[in-house]
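Fold and contact review
One letter stands for each residue in the lines below.
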Amino acid sequence: MSYFREYCDRSSHDTVILRVGEPSESTMTAPQTGTSKTLIVLVVALVTVITIAGVFAALYFGYLNNILRTSEHGQSGGGQMISITGNYQSQSISLDRNATVSVTGSYDSINLTLAPHVTVSLDITGNFNHISSRDGYENVTITGNSNTVNLYDSILVGRNVSGNNNIIYRAGSSFVHFTLVMSLNGYNDSRTQGFPWPKMNVTLGESVTIHVVNDDSVQAHGFAIAHYFDSGVTLRPGESYDMTFIADQLGTFNVYCNIVCTVHVYMQSGRLNVNLS
Ligand SMILES: [Cu+2]
């Protein structure tokens, strides 16, 4: 900020410096000595540098001003109300108190950063918007279509989605952990269970960790998940493997052994179900 102000001050001095330049112009009528030539060159160089700096400062300050105007807009009427009405807008907004952010435009790209205690009510009536929000608490209402909301390290306290093709991703905010034991009884005793088994149900956007242990004292077994871990891993007796990923693809995915073993048939029908909620 101080960096900024310094540039702004300089730009407001531009006019002063130009006036300094005037007397040196008048000296051009007089015979020029080496010293005055050097002086003119120095003054011209200085004015050029300051003008360029001023232009950059003006551009940058204008950009900042835009953001400030956006947050000021909401401060009237008690609660903070921020409306994003145009299309194809790109905005980054930091909030240190509760606010309602209403997005009525479409194709907007909005990044919100919340102080940890702040709750934002996100009200999206437009379409094809891409909104990310970090930290804080989120209350999301969507009546538009095809919007994407990414929540990072934040808590979803409410959601009311009535449009179509809207997605709320939650990364970092929600973790789920599974342990999968390989043995002569298959995956988590799948030999004695009905298929599919084991079943791992997660929510789209969750961070998933699967701890895989080979409890078989004799042979190796494999572990793979369709789409998420097609290459798979082979674990020798006693080995274990941790896999962590974001469940970013909706659907039902097969969990299976990808190497030949004597209990292979019992290790072909695990399920990872990635659900919308
Ligand atoms: Cu196998």
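For the structure itself, consult the block above.
Read on for a plain summary of the structure.

Following the sequence through the fold, Asn188 ends up in the loop between β12 (186–187) and β13 (199–203). The exposure class of Asn188 is partly exposed, given the 18 C-beta atoms found within 10 Å. In this structure, Asn188 is in contact with Leu180, Val181, Trp197 and Pro198, ignoring residues within four places of it in sequence.

Spatially, β1-β3-β5-β7-β9 is the arrangement adopted by the five strands of the open sheet, whose pairing is parallel. In this open sheet, the two edge strands, each paired with only one partner strand, are β1 (80–84) and β9 (155–161). Each strand axis lies, on average, 15° off the axis of its neighbour in the sheet, ignoring direction. Looking at chain direction, β1 and strand β3 (residues 99–103) are connected through five bridges and run parallel. From the neighbouring strand, Met81 faces β3, where its bridge partner is Thr100.

A few words on the sheet that holds strand β16 (residues 229–235). The five strands are arranged β13-β19-β18-β15-β16 in an open sheet whose pairing can be described as mixed. Two strands lie at the open edges of the sheet, namely β13 and β16, each paired on one side alone. Averaged over neighbouring strand pairs, the angle between their axes works out to 20° when direction is ignored. In terms of strand pairing, strand β15 (residues 221–225) meets β16 through four bridges, oriented antiparallel. Within β16, the residue paired with His221 across the bridge is Leu235.

Each value, and the rule that gives it
Residues numbered from 1 in each chain as written. Predicted model: local features only at pLDDT ≥ 70, side-chain atom pairs only at ≥ 80, totals over all residues. Helix = DSSP H or I, 4+ residues; strand = E, 2+ residues; numbered from the N terminus. Buried ≥ 20, exposed ≤ 12 C-beta atoms within 10 Å, placed from the backbone. Contact = placed C-beta atoms within 7 Å. Pairing = 2+ DSSP bridges. Axes fitted to C-alpha atoms, helices over the stretch in contact; angles between N-to-C directions.

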